[in-house]
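For reference, the chains in residue letters:
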Amino acid sequence: MSDVVLPPVPAPEPSLRFPVSTVGVDIGGTGIKGAPVDTTAGELTATRVRVPTPHPATPEAVASVVVDVLAQLRCDGPVGVTLPAVVRHGTALTAANIDEAWIDTDADALLTAATGRPCTVVNDADAAGLAEIRFGAGRGHTGVVLMLTLGTGIGSALFVDGALVPNTELGHLPLKGRDAEKYASELVREHEDLSWSKWAKRLSRYVALVERLLWPDLIVIGGGVSKKADRFLPKVRSEVPVVAATLHNDAGIVGAALSVGG
Ligand code: BGC
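Note that this is a predicted model, so its numbers are computed, not measured. (Residues numbered from 1 in each chain as written. Predicted model: local features only at pLDDT ≥ 70, side-chain atom pairs only at ≥ 80, totals over all residues. Heavy atoms only, no water.)

Would you mind going over the pairing of strand 1 (residues 23-27) in detail, with residue names and values included?
Summarising burial for strand 1: 5 of the 5 residues are buried, a large majority. Relative to strand 2 (residues 31-38), strand 1 is paired through 5 bridges, and the arrangement is antiparallel. Note that in strand 2 the partner of I27 across the bridge is I32. Between strand 1 and strand 2, which pair antiparallel one after the other, the connecting turn spans 3 residues. Where strand 1 meets strand 5 (residues 79-83), 4 bridges bridge the pair, whose relative direction is parallel. Bridging from a neighbouring strand, V23 pairs with V79 of strand 5. (Buried < 20%, exposed > 50% of the residue type's maximum accessible area, 1.4 Å probe, protein only. Helix = DSSP H or I, 4+ residues; strand = E, 2+ residues; numbered from the N terminus. Pairing = 2+ DSSP bridges.)

So, the sheet that holds strand 10 (residues 154-160): which residues are in play, and what are the values?
On the basis of which strands lie adjacent, the open sheet formed by 5 strands has the order 11-10-9-14-15 and mixed pairing. Both outer strands of the open sheet, strand 11 (163-165) and strand 15 (242-244), are each paired with one neighbouring strand and no more. Across the sheet, the mean angle from the axis of one strand to that of its neighbour is 30 degrees, orientation sign disregarded. Here strand 14 (residues 218-222) runs beside strand 15; their pairing, made up of 3 bridges, is parallel. By the bridge assignment, I219 is partnered in strand 15 with V242. (Axes fitted to C-alpha atoms, helices over the stretch in contact; angles between N-to-C directions.)

An account of the side chain of R189 is requested, with residue identities and associated values reported.
Inspection of the secondary structure puts R189 in helix 5 (residues 186-191). Taking the relative accessible area as the measure of exposure, R189 reaches 12% and is therefore buried. Not counting residues up to four positions away in its chain, the partners in contact with R189 are L194, W196 and W199. (Contact = heavy atoms within 4.5 Å.)

I'd like a description of the environment of T246, backed by residues and values.
Within the fold, T246 resides in the loop between strand 15 and helix 8 (251-258). Judged by relative accessible area, T246 falls into the partly exposed class, the value being 47%. In sequence terms T246 and A163 are 83 residues apart; their C-alpha atoms lie 20 Å from each other. When near neighbours in sequence (up to four residues on either side) are disregarded, T246 contacts E132, F135, G136 and A137.

Give a description of helix 6 (residues 196-214) that names residues and reports values.
End to end, helix 6 covers 26 Å across 19 residues, agreeing with the expected 27 Å (1.5 Å per residue, within 8%). All of the buried residues in helix 6 are W196, W199, A200, R202, L203, S204, Y206, V207, L209, V210 and E211. Backbone geometry just after helix 6 places W215 at a positive phi near 45 degrees. (Expected span 1.5 Å × (residues − 1).)

I'd like a description of the pattern of salt bridges, backed by residues and values.
Counted under the stated rule, the structure contains 4 salt bridges. In this structure, D26 and K33 form a salt bridge, with 3.8 Å as the shortest nitrogen-oxygen distance. With respect to class, D26 is no different from K33; both count as buried. We note a salt bridge from E192 to R178, for which the minimum N-O separation is 3.9 Å. One end of the pair, E192, is in the loop between helix 5 and helix 6; the other, R178, is in strand 13 (residues 178-179), and 14 residues separate them in sequence. On the accessibility criterion, R178 (34% relative accessible area) is partly exposed. Shared partners join several salt bridges into a network, and the residues in it are R178, E192 and R202. (Salt bridge = Lys/Arg side-chain N within 4 Å of Asp/Glu carboxyl O.)

Kindly report on the site of the ligand, identifying the contributing residues and their values.
Neighbouring the ligand are the residues P84, A85, A96, N97, N123, D124, A125, I154, G155, E169, H172 and E181. A85 has a polar backbone atom sitting 3.3 Å from an oxygen atom of the ligand. In the model, an oxygen atom of the ligand is placed 3.0 Å from a nitrogen or oxygen of the N97 side chain. A total of 310 Å² of accessible area belongs to the ligand in isolation, and the protein chains cover 93% of it. For the shell around the ligand, the elements supplying multiple residues, two or more each, are helix 3 (124-135) and strand 10. A per-class count over the shell around the ligand returns 5 nonpolar, 4 polar and 3 charged. (Near = heavy atom within 4 Å. Polar contact = N/O pair within 3.5 Å; in protein donor to acceptor, adjacent residues only side chain to side chain. Areas by Shrake-Rupley, 256 points an atom, 1.4 Å probe, with all protein chains shown as cover. Nonpolar A, V, L, I, M, F, W, Y, C, P; charged D, E, K, R; others polar.)

Put into structure tokens, the structure is as follows:
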């Protein structure tokens, strides 16, 4: 009896090996974090992966860490990515707290080519703001809502009736003779060893400045330090309500995923 020769089983398509989910990747000054996201609930659906940001954080070095993060997540699907830079239609136009080589880099194209998956790159504060306005402290608020992220720099995201006005970059407004983020960011608080009260005074000056410029209805304070909002927020003087973000460290990842196809 002759052996039956079965046709070889084709290898699965590389893009169909794992469950499909929208993934958010948040590129920060110290870490690159990613997770699959349920974009209808605004929640991570698996534990996030974190890899230290390479130094120098050139586009190529960052791209290879993004590839590594995605490999560890073991899921397929489109990817939203944040960058601490002005990002217009996928191209980075500034580089305040990242390597200058990003300026004029088509970040969408670079990361799409490196990962083999469709990547959408947006400003980090815009992403965090999107997450907060849909699922966090800004939820249900119409009118003018301003999100400020306090970290290495100061990021801003401006919403008018829920619609984002991208790349507002209010951390670079002049304040006390310098860039506002060099006067009132969380990094400055740490480096200058400012007490919560002293830092709150600086934040009050900054909040007064943005209030005079935009007359917002609500200000949401985000960034990692928003977890300790009870230490400084009650001391911040303002004309309008200033509240703490609620998604904390997940806001960037969730917002990155929300930006996919948006
Ligand atoms: C950058 C912004 C960024 C912010 C927070 C600023 O220095 O110019 O693009 O959103 O830092 O990371």
